[in-house]
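# Topology and contacts: notes
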Amino acid sequence: DLTMRLNGLTKTYLKGTPGEVQVLRGVDLELRAGEAVALVAPSGAGKSTLLHIAGLLDKPDEGSVEIAGQNVAGRGDRTRTALRRQDVGFVYQFHHLLPEFTALENITLPQLANGVSEKAAQDRAMALLDRVGVAARAKHRPAALSGGEQQRVAFCRALANKPRVLLADEPTGNLDPETSDQVFGALMSLVRDAGLSALIATHNMDLAARMDRKLRLEAGVLKPVE
Ligand code: ADP
Ligand code: ADP
């Protein structure tokens, strides 16, 4: 049961110039439903490039991105945007919540944009907040939340529209080690509940060890880490 398949992805920046850099040289990846995969990459290895291509924010030079069996990498910008909003959730090191809206609203708004009714959107948002232990903070704006709470809310927002794939880039990288541990646990429980596939970039090998398997991006290809 494959959620995402990346096949033969290549990407070169500044092709034909002295600054040419071949970042991806044939990336293959299969993510099964319910699986969390750690992506370990030294800085500059092309982690962001890979996450952006997998998340349909950027196009590869060659290769395919299949989500639920459909090749979507080569589609037009509008189609890719629509697919991204429905099928992909993103989490970054910083929460990127909208500062003028409450936690609840930050999770409700993307659902309203996708045509979900206000009542259903709020119910889902509260259920997600409850799952990660911040339901009591639902009416607070991001600035009134701790760093760990902000990230928990960002995870809920990423899952608001029930994506098939979660892509995360150092989701706890901004937190102290103890908070990072707890907040990562909250993320994993959301991932497990939703049964989605997660590709989570991290430098933290303790967190990587809590995922189902680990891959290293090196010299433009993905290799299993023992
Ligand atoms: P990482 O996220 O692993 O640090 P990136 O994917 O951001 O790596 O970048 C990989 C390499 O590609 C780096 O050498 C970076 O300088 C280069 N790069 C990234 N984006 C661009 C771009 N838009 N134009 C030119 N070079 C880029
Ligand atoms: P919206 O316009 O509804 O905010 P988008 O379709 O633009 O949503 O983006 C969907 C997701 O992709 C969001 O989670 C957003 O954070 C992320 N995203 C959009 N553009 C970029 C970008 N240039 N770099 C990184 N992430 C992006």
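Values in this document were obtained by computation on a predicted structure and should not be read as measured data.

This paragraph deals with the site of ligand 1. Taken together, the neighbourhood of ligand 1 is formed by Tyr13, Leu14, Val23, Pro42, Ser43, Gly44, Ala45, Gly46, Lys47, Ser48 and Thr49. Taking Lys47, its main chain carries an N or O atom lying 2.8 Å from an oxygen atom of ligand 1. Surface burial for ligand 1 is 59%, taken as the share of its 560 Å² of free accessible area covered by protein chains. If you tally residues by element for the shell around ligand 1, the top one is helix H1 (residues 47-54), at three residues. Residues that form the shell around ligand 1 fall into these classes: five nonpolar, five polar and one charged.

The next point concerns helix H4 (residues 118-131). Residue pairs spaced three or four apart in an α-helix point in one direction, given the helix's 3.6 residues per turn. Relative to the 20 Å expected for 14 residues at 1.5 Å per residue, H4 spans 20 Å between its end C-alpha atoms, a close match to the ideal helical length. Within the sequence span of H4, burial applies to Ala121, Ala125, Leu128 and Leu129. When H4 is viewed along its axis, its buried side chains cluster within an angular range of 100° and face the same direction. Facing away from the buried surface of H4 by more than 90 degrees, the exposed residues are Lys119 and Asp130. Buried residues in H4 make contact with helix H3 (103-113), helix H5 (147-159) and helix H6 (177-194). Just downstream of H4, Gly133 is the residue with a positive phi angle, here 80°.

Once that is clear, we can look at the sheet that holds strand S4 (residues 62-67). Taken together, four strands build an open sheet; the order of strands is S2-S1-S4-S5 and the sheet is antiparallel. Pairing within the sheet leaves two strands with one partner each, and these edge strands are strand S2 (21-32) and strand S5 (70-71). Of the strand pairs in this sheet, S4 and S5 are connected by two bridges, and their pairing is antiparallel. Note on S5: the bridge partner recorded for Ile67 is Gln70. Across the sheet, H1 touches strand S1 (2-13), S2 and S4, and the angle it forms with S1 is around 130°.

Right, let's get into the packing of aromatic side chains. As enumerated under the stated definition, the model contains one aromatic pair in all. Taking 6.1 Å as the distance between ring centres and 0° as the angle between the ring planes, the aromatic pair formed by Phe90 and Tyr92 counts as stacked. Judged by its relative accessible area of 30%, Tyr92 falls in the partly exposed class.

Before going further, it helps to examine the site of ligand 2. In the vicinity of ligand 2, the contacting residues are His52, Leu57, Thr81, Arg84, Arg85, Phe90 and Tyr92. Arg85 is positioned with one of its side-chain polar atoms (N or O) 3.0 Å from an oxygen atom of ligand 2. In this structure, Tyr92 approaches ligand 2 through a side-chain N or O atom, which is 2.4 Å from a nitrogen atom.

This part covers the UniProt feature "domain: ABC transporter" (unreviewed entry) in the protein. Here, the residues flagged by UniProt with the feature "domain: ABC transporter" (unreviewed entry) are residues 4-225. In this annotation, residues 4-225 is assigned 36% helix and 27% strand; the end-to-end C-alpha distance for the span is 20 Å.

Attention now moves to the environment of Val72. Mapping Val72 onto the fold places it in the loop between S5 and helix H2 (77-87). A relative accessible area of 1% places Val72 in the buried class. The sequence separation of Val72 and Leu56 amounts to 16 residues, and the corresponding C-alpha distance is 7.9 Å. Once residues lying within four places of it in the same chain are set aside, the contact partners of Val72 are Leu56, Val65, Ile67, Arg80 and Leu83.

Time to look at the pairing of strand S3 (residues 36-40). Among the five residues of S3, five are classified as buried, and the element is accordingly described as predominantly covered. With burial as the criterion, each face of S3 is covered, one bearing Ala36, Ala38 and Val40 and the other bearing Val37 and Leu39. When S3 meets strand S8 (residues 197-201), the two strands line up parallel, connected through four bridges. Within S8, the position partnered with Ala38 by the bridge is Ile200.

Definitions and limits used
- Residues numbered from 1 in each chain as written.
- Chains lettered and ligands numbered in written order.
- Predicted model: local features only at pLDDT ≥ 70, side-chain atom pairs only at ≥ 80, totals over all residues.
- Heavy atoms only, no water.
- Near = heavy atom within 4 Å.
- Polar contact = N/O pair within 3.5 Å; in protein donor to acceptor, adjacent residues only side chain to side chain.
- Areas by Shrake-Rupley, 256 points an atom, 1.4 Å probe, with all protein chains shown as cover.
- Helix = DSSP H or I, 4+ residues; strand = E, 2+ residues; numbered from the N terminus.
- Nonpolar A, V, L, I, M, F, W, Y, C, P; charged D, E, K, R; others polar.
- Expected span 1.5 Å × (residues − 1).
- Buried < 20%, exposed > 50% of the residue type's maximum accessible area, 1.4 Å probe, protein only.
- Arc of directions from axis to C-beta.
- Contact = heavy atoms within 4.5 Å.
- Pairing = 2+ DSSP bridges.
- Axes fitted to C-alpha atoms, helices over the stretch in contact; angles between N-to-C directions.
- Phe/Tyr/Trp six-rings, centres within 6.5 Å; stacked < 30°, edge-to-face > 60°.
- UniProt positions renumbered as here; feature names shortened; annotations may be inferred.

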